[in-house]
Amino acid sequence: MKAFEQKSYLSLNAASYNVRINPFRRTEVSCQLQEIDSSMKWPVIAHEEVLVKSKPAEPVIHQPLHLSRRARRNRKSPTQRAAFQETNISPDNFIYPVFIHQGEVDIPIKTMPGRYMLGWRHGLIEEVAKARDVGVNSIMLYPKVPDTLKSPIGEEAFNDNGLVQRAVGLLKARFPDLVIYTDVNFDEYSSSGHGGIIGEDGVILNDETIHQLRKQAVSQARAGADVVCTSEMLDGRVGAVRAALDAKGFHHVSIMSYSVNYQINPANSREALVEAREDEAEGADILMVKPALPSLDIIRLLKDQTLLPIGACQVSGEYSMIKAAGLLKMIDEEKVMMESLICLRRAGADLILTYFALQAATILCHENKRNYFN
């Protein structure tokens, strides 16, 4: 980051330079900054010059306003601000999503600085151990399925010896009290890449796909999953999965339904509520909203209208935007990260599925942590 340290770029408007950065090298960042229009510079005054030339402000009034309430009084010290903080966050609120693959080597994910496709034996165990050390005891598994195992009807999804099922068994043997969430999702196992079986007319077959998802959920529960997550936006999926689990004796396995997801028109809030109410009526135990930050209003609406726990999925794009801006020194990465998480809690999220789980929990557990909200 020497280029950033040697020269101040505060005088450059965001539109006046191009930035090209490779954020995936741990020891160096490759940047190219090219000034385009010097007329777009902002005036910059050296901090020392301000200190020298500044004079004490002259009073502009002769007597204070007669105010019955001054809200700033309750914010005048960090201790008071902490005492009056209405929303809190802890590692217990986090679900840590981890990507796994069949190999042994951890592979960097180019679009997500600091994230890896973990080897399912060693890398996965090590990452989960790190999370547990800072109080995060809930994880979500996302598999990278080899193309050779994909098919139009996704049979690998309910293979009892599949990647997810083996990983769940391995984790439960090592960490019996770990809470494991698994994704009941078709697209990772489909040769088409779509979230369902495709009919001859190119349309996803709702009921036929749900038939496969039922078997996938049961297979994951049999492996030891604590919560199965119905993330496909298919009609009737929650009720079908609940019936399948109960029929096989997995009454104790919870369902977290992705009730509000990308497939819903982001302009519609009532549609989101209809989907969530239907999932609740079908037997969902947790309602998930995805993506998180663009859906703060939906999270609040759901919180006000249901007694079920609400989850928020802070997607990879949200993570990568904060990381990229942090690498460019445009923001204080840790402060923005923590503020984004507390905002989700303030909106009403009980659980937050976030790639920041390990980093944020490390900060929260540190004895001398900064108070990010003061």
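The name given to the chain in an unreviewed UniProt entry is porphobilinogen synthase, and the organism recorded there is Brassica campestris. Of the comments in the UniProt record for the chain, the one headed Sequence similarities (unreviewed entry) reads "Belongs to the ALAD family." The heading Function (unreviewed entry) in the UniProt record of the chain holds the text "Catalyzes an early step in the biosynthesis of tetrapyrroles. Binds two molecules of 5-aminolevulinate per subunit, each at a distinct site, and catalyzes their condensation to form porphobilinogen."

Points about the overall build of the chain
Summing up its helical and strand segments, the chain has 12 helices and 12 strands in all. Buried residues in the chain amount to 44% of all 374 residues. A fraction of 69% describes how many contacts in the chain between residues 6 or more apart in sequence connect residues 24 or more apart. In the structure as shown, the chain presents an accessible area of about 20800 Å², 52% of it carried by carbon and sulfur atoms.

Quick word on the pairing of strand β8 (residues 227–230)
Here is the key point about a regular strand: its side chains alternate between the two faces of the sheet. Here β8 shows two buried faces, one formed by V227 and C229 and the other by V228 and T230. The sheet contact formed by β8 and strand β9 (residues 254–260) spans 4 bridges and is parallel. By the bridge assignment for β9, V228 is matched with I255. This β-α-β element, β8 to helix α7 (residues 237–247) to β9, shows right-handed connectivity.

Topic: the side chain of T306
Relative to the elements of secondary structure, T306 occurs in the loop between α9 (296–305) and β11 (310–314). Among the residues examined, T306 registers a relative accessible area of 10% and is labelled buried. Within the local environment of T306, its side chain forms a polar contact with the backbone nitrogen of L308, the two atoms lying 3.1 Å apart. When sequence neighbours within four positions are dropped, the list of residues in contact with T306 reads E280 and L287.

Side note on the packing of aromatic side chains
In this description, an aromatic ring pair is defined by two values, namely the gap between the centres and the angle between the planes. Going through the model one piece at a time under the given rule, you end up with 4 aromatic pairs. An angle of 5° between the planes, with centres 5.7 Å apart, marks the rings of F99 and Y355 as stacked. A residue pair is termed long-range when its members are at least 10 positions apart, and F99 in strand β3 (residues 94–101) and Y355 in the loop between β12 (351–354) and α12 (357–365) qualify at 256 residues. Y355 matches F99 in its accessibility class, with the two residues each being buried. Seen from their ring centres, Y319 and F356 are 4.7 Å apart, and the 45° between their planes marks the pair as tilted.

Overview of the environment of R346
By secondary structure assignment, the location of R346 is in helix α11 (residues 333–347). Judged by its relative accessible area of 51%, R346 falls in the exposed class. In the structure, R346 is positioned 46 residues away from R300 in sequence and 8.6 Å away in space, judged by C-alpha atoms. Those residues in contact with R346 that sit more than four places away from it in its chain are T87 and R300.

Thoughts on the pattern of salt bridges
With the rule as written, the count across this model stands at 13 salt bridges. E104 is paired through a salt bridge with R121; the nearest N and O atoms lie 3.1 Å apart. Of the two residues, E104 sits in the loop between β3 and β4 (107–108) while R121 sits in the loop between β5 (116–119) and α4 (122–133), which places them 17 residues apart along the sequence. In this structure, D177 engages R132 in a salt bridge whose closest nitrogen and oxygen atoms are separated by 3.0 Å. Highlighted residues: D177 in the loop between α5 (163–174) and β7 (179–184) and R132 in helix α4, separated in sequence by 45 residues. Accessibility expressed as a relative area gives 48% for D177, which makes it partly exposed.

So, α11
Across its 15 residues, α11 extends 21 Å between first and last C-alpha, which sits within 8% of the 21 Å expected from 1.5 Å per residue. Within α11, the full set of buried residues consists of E333, M337, M338, S340, L341, I342, C343, L344 and A347. Buried-residue contacts for α11 involve β3, α9, β11, α10 (316–327), β12 and α12. Positive backbone phi, approximately 130°, marks G348, located one or two places after α11.

Quick word on the pairing of β5
Alignment of β3 against β5, held across 3 bridges, turns out to be parallel. Bridge assignment links F99 to a residue of β5, and that residue is M117.

Comments concerning the confidence of the model for the chain
In the predicted model, the chain carries a mean pLDDT of 86, and 82% of its residues have values of at least 70. In the model, residues 1–51 has pLDDT below 50 throughout and makes 56 contacts with residues more than four positions away in sequence or in other chains.

Looking at the environment of V145
Within the secondary structure, V145 is located in the loop between β6 (138–143) and α5. Once you skip the residues sitting within four places of it in the chain, V145 turns out to touch K150, E156, E188 and Y189.

What to know about α4
Structural remark: α-helix, 3.6 residues per turn; residues separated by three or four positions point the same way. An ideal rise of 1.5 Å per residue puts 16 Å on 12 residues; α4 measures up with 17 Å between its terminal C-alpha atoms. Looking only at α4, the buried set comprises G123, L124, I125, E127, V128 and A131. The secondary structure elements touched by the buried residues of α4 are β3, β5, β6, α5 and α12. The positive-phi residue at the C-terminal boundary of α4 is G135, with phi of around 95°.

Each value, and the rule that gives it
Residues numbered from 1 in each chain as written. Predicted model: local features only at pLDDT ≥ 70, side-chain atom pairs only at ≥ 80, totals over all residues. Heavy atoms only, no water. UniProt positions renumbered as here; feature names shortened; annotations may be inferred. Helix = DSSP H or I, 4+ residues; strand = E, 2+ residues; numbered from the N terminus. Buried < 20%, exposed > 50% of the residue type's maximum accessible area, 1.4 Å probe, protein only. Contact = heavy atoms within 4.5 Å. Areas by Shrake-Rupley, 256 points an atom, 1.4 Å probe, with all protein chains shown as cover. Pairing = 2+ DSSP bridges. Right-handed = clockwise from strand over helix to strand, strands pointing away. Polar contact = N/O pair within 3.5 Å; in protein donor to acceptor, adjacent residues only side chain to side chain. Phe/Tyr/Trp six-rings, centres within 6.5 Å; stacked < 30°, edge-to-face > 60°. Salt bridge = Lys/Arg side-chain N within 4 Å of Asp/Glu carboxyl O. Expected span 1.5 Å × (residues − 1). pLDDT = per-residue confidence, 0-100.

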